[in-house]
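# Structural characterization, general
Residues per chain are reported as follows:
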Amino acid sequence: MNIRLKNLEKKFYKKPVLNIENLEFTKGLTCIMGSNGSGKSTLLNIISGNLNYENGQVLYNDKPFTKDIYSSMTLVEQKPYMLSRSVYDNVAYPLRIRRYTNREVHTKVEEILQNLQITELKKNRGDELSGGEIQKVALARALVFSPKLLMLDESTSNMDKKSLENVERIIRNYAQMGNTVLFVTHDLNQAKSLTENIVNLQEV
Amino acid sequence: MDYIANGFLKALNLIVSMDMELYKIIALSIFVSVSGTLISALFSIPLAIFLGLRNFYLKKVYTRLLYTFMSTPSVLVGLLVALFLSRRGPFGWMQLMYTPAAMIIAQFVLVTPLMTGLVFNIVNKRGKLIEKTGRLLGARGIDLLILIIRELKVEITMALLTSFSRAISEVGAVMIVGGNIKGHTRVITTSIVMFNSMGDYEIAIALGLILLLISLLMNSILYGFKGDRQ
């Protein structure tokens, strides 16, 4: 999915927080960097349809926001909210609302839990996990329904080194499969190791 | 002092003696309060979720009004409902005055602002985060509503139980619109008032104990839920 931003302007209480003249994200992995307050999270929230903007345009494959686009993208935040049910049910949730059969749900959930090496957590309650575990489960919950556009807002900040390597490999593979991945990070080394496409947002 | 101790003894005897009049009063009380609370829940919960999640013009004014109505005296609610249901009122043709239906309507009016306010408060605090998570995962419409209710089920149940407690313990509204008619609209609270004024303390104490028992049961459920969450 291609995302094109044209003359995008966002203000909070009349103070401009984002001003993008022209920016395009194409298929593959793009890292977004910038100092605190440069509008990285705001940008992802606008693209995901969670935040309105004052001026400009956001186009998805050259089309405005529609229901189909909405259900084929997701955003994982730094501190994701875990539903008060088991890890398995958290990950299964996006599939259940898309009316997948129980067998399909089971297969997909088990597969993604195994990929992210969190199978042993599947019976734990989502709201009783550590910060790093929450981030891994949130990533599994996002990847399970194969969104065309995956946005990650500092979604690996609490992970240990071993988990991080595995997650980075999964994200790279996912982008290579023809999906668009926007990855917000403060870590330049991480960004460089992930991709050559790095966008640096400047504070307005 | 003896009459109090004797009253308690006779009351306990009355409770275990399967006195039909007593059980009829208890059954009607529970029926009226459960009905009023549940009908109110059907209306209040979706409304509170909608209002809690949306930002709209005059939301602050609405919130203040809601909090004011939460503490409306029950006699005032009874009076208002009676004005509408009485023979000369706009709904007089329905002939609901002095019936259990009128009592349910009064309790519905009484607990609706309370339940709406309690759920509104919860949704205002946590609901937006749940809504955002649901939307990011692709939920819309009814799926989103179910998700929010399911995530807030403990708090919503607590709001339901608090509203039920308010309904079953109030006396003013049901007295006005029900009339405390024996075997027809007589409930625990109106009976206590009546038996006390008649000097029939045994049955008044028995009913008081039953009311206390129901409150204890409600509180146990409520704290059971809280405990589960902690």
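Look up: the structure comes first, before these words.
Nothing here was measured: the structure is a model prediction, and the numbers come from that model.

To continue, consider the interface of chain B and chain A. Each partner contributes to the interface: chain B provides 15 residues, whereas chain A provides 21 residues. Note on chain B versus chain A: buried area summed over both sides is about 1,800 Å², and carbon and sulfur give 50% of it. The largest contributions to the chain B side of the interface with chain A come from Leu 136, Leu 137 and Glu 151 of chain B, which together make up 38% of the buried area. Between the two partners, chain B and chain A, sit three salt bridges. One salt bridge in this structure joins Arg 99 of chain A and Asp 143 of chain B, with 3.1 Å as the shortest N-O distance. If you look at where chain B meets chain A, you find nine residue pairs in polar contact (both at pLDDT 80 or more). Sorting the residues of the side of chain B that touches chain A by element identifies helix 5 (100-136) and helix 6 (141-151) of chain B as the ones contributing at least two each. The element contributing the most residues to the side of chain B that touches chain A is helix 5 of chain B, with seven residues. For the side of chain B that touches chain A, a count of residues per class yields six nonpolar, two polar and seven charged.

What follows is about the packing of helix 5 of chain B against helix 6 of chain B. Residue and element names in this part refer to chain B. The geometry of helix 5 relative to helix 6 is characterised by a closest axis approach of 10 Å and an angle of 135° between their N-to-C directions. Classified by the angle their axes make, helix 5 and helix 6 are oblique. In terms of crossing hand, the pair formed by helix 5 and helix 6 is right-handed. Between helix 5 and helix 6, the contacting residues are Arg 126, Ile 130, Glu 131, Gly 134 and Arg 135 on the first element and Leu 144, Leu 147, Ile 148 and Glu 151 on the second.

So, how was this worked out
Residues numbered from 1 in each chain as written. Chains lettered and ligands numbered in written order. Predicted model: local features only at pLDDT ≥ 70, side-chain atom pairs only at ≥ 80, totals over all residues. Heavy atoms only, no water. Contact = heavy atoms within 4.5 Å. Buried area = accessible area lost by both parts, 1.4 Å probe. Salt bridge = Lys/Arg side-chain N within 4 Å of Asp/Glu carboxyl O. Polar contact = N/O pair within 3.5 Å; in protein donor to acceptor, adjacent residues only side chain to side chain. Helix = DSSP H or I, 4+ residues; strand = E, 2+ residues; numbered from the N terminus. Nonpolar A, V, L, I, M, F, W, Y, C, P; charged D, E, K, R; others polar. Axes fitted to C-alpha atoms, helices over the stretch in contact; angles between N-to-C directions. Parallel < 35°, antiparallel > 145°, perpendicular 65-115°, else oblique. Left-handed = near helix turned anticlockwise from the far one by under 90°.

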